[in-house]
Amino acid sequence: MVGLTEVFVWSTTAGMMLSFGLAAFLCVRCLIYLRRTERRISGRRDLVKHIAAIAGADASMALWSYFGSIVHSKTFLVRGDPQWCPLFTTVRMWLILLSALWTGSLALGTLAVLLGKPKHFSLLS
């Protein structure tokens, strides 16, 4: 019978791989869209750039966390963070903060547009 710890390790590894895969897919799709529409002028391109930046930060954070765990545990399963490396935790913290701030900016801009405040929205972009 498989222990609860092994189930946790396998589910964490699957979640980390899924998180990286979906964020990287979204980032690539946004970059493809931006490449195809580079000669068009529209407000939609700014939104897609913003979403690509969030997806890129999320993919980088997932990849950084996964590879840090591989180096720490010498296996391809996520068994924990390296406690000995302050650089690892500092970079991960900044990537999480970057993603959170970009997501908050996107939510604030969306709320400003929905409330009919285009002047406030233009200050954010």
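In this report, we go over the structure that sits alongside the text. (Residues numbered from 1 in each chain as written. Predicted model: local features only at pLDDT ≥ 70, side-chain atom pairs only at ≥ 80, totals over all residues. Heavy atoms only, no water.)

What about the overall build of the protein?
Looking only at helices and strands, one finds four helices and zero strands in the protein. Starting at the N terminus and ending at the C terminus, the protein contains elements arranged as α-α-α-α. Residues counted as buried form 25% of the 125 residues belonging to the protein. (Helix = DSSP H or I, 4+ residues; strand = E, 2+ residues; numbered from the N terminus. Buried < 20%, exposed > 50% of the residue type's maximum accessible area, 1.4 Å probe, protein only.)

Looking at the environment of L47
On the secondary structure map, L47 appears in helix α2 (residues 43–73). With 17 residues separating them along the chain, L47 and C30 place their C-alpha atoms 9.8 Å apart.

Looking at the packing of aromatic side chains
Evaluated as defined, the whole model comprises one aromatic pair. Geometrically, the ring pair formed by Y66 and F67 is tilted, given 5.9 Å between the ring centres and 55° between the ring planes. Judged by relative accessible area, Y66 falls into the buried class, the value being 10%. (Phe/Tyr/Trp six-rings, centres within 6.5 Å; stacked < 30°, edge-to-face > 60°.)

With respect to the nonpolar core
By size, the foremost hydrophobic cluster in this structure holds five residues: M16, A62, Y66, I70 and V78. Broken down by element, this core gets its largest block of residues, three residues, from α2. Y66 has contacts with T13, M16, M17, F76 and V78, leaving out every residue within four places of it along the chain. (Core = buried A, V, L, I, M, F, W, Y, C linked by side-chain atoms within 4.5 Å. Contact = heavy atoms within 4.5 Å.)

Observations concerning helix α3 (residues 86–114)
One turn of an α-helix holds 3.6 residues; hence residues three or four places apart share an orientation. Taking 1.5 Å as the rise per residue, α3 with 29 residues should run 42 Å; its terminal C-alpha atoms sit 42 Å apart, in good agreement. Of the residues making up α3, those classed as buried are F88, R92, L95, S99, G109 and A112. (Expected span 1.5 Å × (residues − 1).)

What about the side chain of R45?
Looking at the secondary structure, you find R45 in helix α2. Among the polar contacts listed, one links the side chain of R45 to the side chain of T37, at a separation of 3.0 Å. For R45, the residues in contact, after removing those within four places along its chain, are L34, T37, E38 and R40. (Polar contact = N/O pair within 3.5 Å; in protein donor to acceptor, adjacent residues only side chain to side chain.)

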